[in-house]
Amino acid sequence: MKKEYNKIGIVAGPCSAENRGQMLETAKGLKNIGVGTIRAGLWKPRSRFGTFEGVGEHGLVWLNEIQQELGLKVMTEVALPSHVEAVMKAGIDMVWIGARTSVNPFMIHELAEALKGCDIPVWIKNPVCPDVELWIGAVERLQHAGLKDIRIIHRGFCTVGHHPYRNAPLWELAEDFRTRFPGMPFYCDPSHIAGKRELVPSVCEKALSLHIDGLFIESHCCPQEALSDSSQQLTPAALSGLLDSLHVSIEK
Ligand code: PEP
Ligand code: MN
């Protein structure tokens with residue numbers, strides 16, 4: 001007898017869009033397992049100078065191809081008003097604001113101004129530092145700009161000391177934040193919390209036990225060759241196996 005699976009939202013895709021082939025192969029793999037929304041970073045906020053900083057606007061055509069040829073929704077990270085202008089011009093379906101941006105009220109203000117009147121879902125990650133008021137303030141600034149469809153991504157926090165995870169999940173802080181915005185879609189990004197593929201399943205399990213609305217997860221057709229976050233990405237096939245083991249299926 002087929003088991004009853006809980007349905008959750010899934011956004012999946014590579015950390016970075018690297019080239020057309022990688023994007024199309026990954027998106028096709030994800031479409032085959034039922035994913036309807038692809039994430040991929042075009043402008044990458046890297047810690048160190050001289051590392052791969054993304055392909056920038058060049059990648060928009062690959063995202064457009066995924067929309068048109070595969071019928072999938074696509075989203076990317078925006079960190080500057082110029083990014084917002086470029087993605088709106090290209091007709092990208094949704095955007096997310098990253099953890100290194102949500103940490104800065106001035107940057108959030110600038111982005112909120114640029115996003116005013118854009119009728120697309122705007123996802124926002126928690127700030128890198130474990131400050132619930134800063135996280136709340138970032139969402140309030142977007143609300144104040146009149147944005148109606150705001151969604152949350154919990155990606156863990158930088159903390160001092162040694163932890164198994166790349167970014168400490170601080171589940172209680174996340175739950176505290178969540179009570180301030182009841183009803184706002186709340187997703188977990190287990191990839192940036194875990195930092196290592198092997199730890200992704202246990203993070204997902206904990207997040208699901210807290211009844212999150214979905215997972216925002218990194219998937220690459222060839223993780224070991226990824227130009228960023230290579231150790232935390234899963235192939236589409238591995239993602240499918242993971243969802244199965246978690247007894248969840250993808251909500252359309
Ligand atoms: C990403 O999603 O690839 C990313 C840069 O994430 P974060 O802002 O959570 O570090
Ligand atoms: Mn990443």
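Please read these numbers as outputs of a predicted model, since none were measured by experiment.

(A) Quick peek at the overall build of the chain. Within the chain one finds 9 helices and 9 strands. Relative to the 2.2 N^0.38 estimate, which gives 18 Å for 252 residues, the radius of gyration of the chain is 17 Å and therefore close to what a compact globule would have. Along the first, second and third principal axes, the C-alpha atoms of the chain reach 50 × 40 × 35 Å. When the 252 residues of the chain are sorted by exposure, 56% land in the buried category. Once local pairs closer than 6 in sequence are excluded, the contacts in the chain between residues at least 24 apart make up 72%. Accessible surface for the chain amounts to roughly 11600 Å². Of this, 52% is attributable to carbon and sulfur atoms.

(B) Representation of the layout of surface pockets within the structure. Roughly 300 Å³ of internal volume is contained in the largest pocket. Pro45, Arg100, Arg166, His192 and Asp229 are, among the 20 residues lining the largest pocket, the residues nearest its centre. What lines the second largest pocket is a set of 13 residues, among which Ile10, Thr37, Tyr187, Glu251 and Lys252 lie closest to the centre. Of all the elements, strand E1 (residues 6–13) adds the most residues to the lining of the second largest pocket, at 3 residues.

(C) Main features of the pattern of salt bridges. Taken as a whole and assessed by the stated rule, the structure comprises 9 salt bridges. For Glu113, the salt bridge goes to Lys116, with nearest N and O atoms at 3.2 Å. Look at Glu113 and you get partly exposed, because its relative accessible area is 39%. Connected through shared salt-bridge partners, Glu133, Asp176 and Arg180 make up one network.

(D) Here's a closer look at the environment of Glu77. In this structure, Glu77 sits in strand E3 (residues 73–77). A relative accessible area of 6% means that Glu77 is categorised as buried. The spatial distance from the C-alpha of Glu77 to the C-alpha of Leu42 is 7.0 Å, given a sequence separation of 35 residues. Discounting chain neighbours no more than four positions away, the residues touching Glu77 are Ala40, Trp43, Pro45, Trp96, Gly98 and Thr101. There is a polar contact of 3.5 Å between the side chain of Glu77 and the side chain of Trp96.

(E) Representation of the site of ligand 1 within the structure. Taken together, Cys15, Arg39, Lys44, Glu77, Trp96, Gly98, Ala99, Arg100, Lys125, Arg155, His192 and Glu218 form the complete shell of residues around ligand 1. Arg155 places a side-chain nitrogen or oxygen 2.6 Å from an oxygen atom of ligand 1. Contact with the protein chains covers 97% of the free accessible surface of ligand 1, which is 300 Å². Of the pockets mapped on this structure, ligand 1 occupies the largest pocket. Of the residues belonging to the shell around ligand 1, the class tally is 3 nonpolar, 2 polar and 7 charged.

(F) Looking closely at the pairing of strand E6 (residues 150–154). Here E6 lies mainly inside the structure; 5 of its 5 residues are buried. Here E6 shows a buried face lined by Ile150, Ile152 and His154 and a second buried face lined by Arg151 and Ile153. Taken together, the 4 bridges between strand E5 (residues 122–125) and E6 define a ladder with parallel strand orientation. Across the sheet, the residue bridging to Val122 is Ile150, located in E6. Taking the sense of rotation as the criterion, the β-α-β connection linking E5, helix H5 (residues 132–144) and E6 turns out right-handed. In the sheet, E6 pairs with strand E7 (residues 186–188) via 3 bridges, with the strands oriented parallel. From the neighbouring strand, Ile153 faces E7, where its bridge partner is Tyr187. A crossover links E6 with its parallel partner E7, the connecting element being helix H6 (residues 171–180), and its sense is right-handed.

(G) Layout of the nonpolar core. Ile10, Ile38, Ile66, Ile97, Ile124, Leu142 and Phe177 are the most contacted members of the largest nonpolar core, which has 74 residues in total. Sorting elements by how many residues they give to this core places H5 first, with 6 residues. Sequence-distant contacts of Ile38, defined by excluding residues within four places in its chain, comprise Ala12, Gly13, Met23, Ala27, Leu30, Ile66, Leu72, Lys73, Val74 and Met75. Of all hydrophobic cores here, the second largest spans 8 residues; its members include Val11, Met75, Met94 and Phe216.

What counts, and at which threshold
- Residues numbered from 1 in each chain as written.
- Chains lettered and ligands numbered in written order.
- Predicted model: local features only at pLDDT ≥ 70, side-chain atom pairs only at ≥ 80, totals over all residues.
- Heavy atoms only, no water.
- Helix = DSSP H or I, 4+ residues; strand = E, 2+ residues; numbered from the N terminus.
- Rg over C-alpha atoms; globule rule 2.2 N^0.38 Å.
- Buried < 20%, exposed > 50% of the residue type's maximum accessible area, 1.4 Å probe, protein only.
- Contact = heavy atoms within 4.5 Å.
- Areas by Shrake-Rupley, 256 points an atom, 1.4 Å probe, with all protein chains shown as cover.
- 1 Å grid on protein atoms, 1.4 Å probe; cavity = no way out; pocket = protein on both sides within 12 Å on 5 of 7 lines; lining within 4 Å.
- Points joined across faces, edges and corners; volume = space filled by probe spheres on them.
- Salt bridge = Lys/Arg side-chain N within 4 Å of Asp/Glu carboxyl O.
- Polar contact = N/O pair within 3.5 Å; in protein donor to acceptor, adjacent residues only side chain to side chain.
- Near = heavy atom within 4 Å.
- Sits in = over half its atoms within 2 Å of the grid points.
- Nonpolar A, V, L, I, M, F, W, Y, C, P; charged D, E, K, R; others polar.
- Pairing = 2+ DSSP bridges.
- Right-handed = clockwise from strand over helix to strand, strands pointing away.
- Core = buried A, V, L, I, M, F, W, Y, C linked by side-chain atoms within 4.5 Å.

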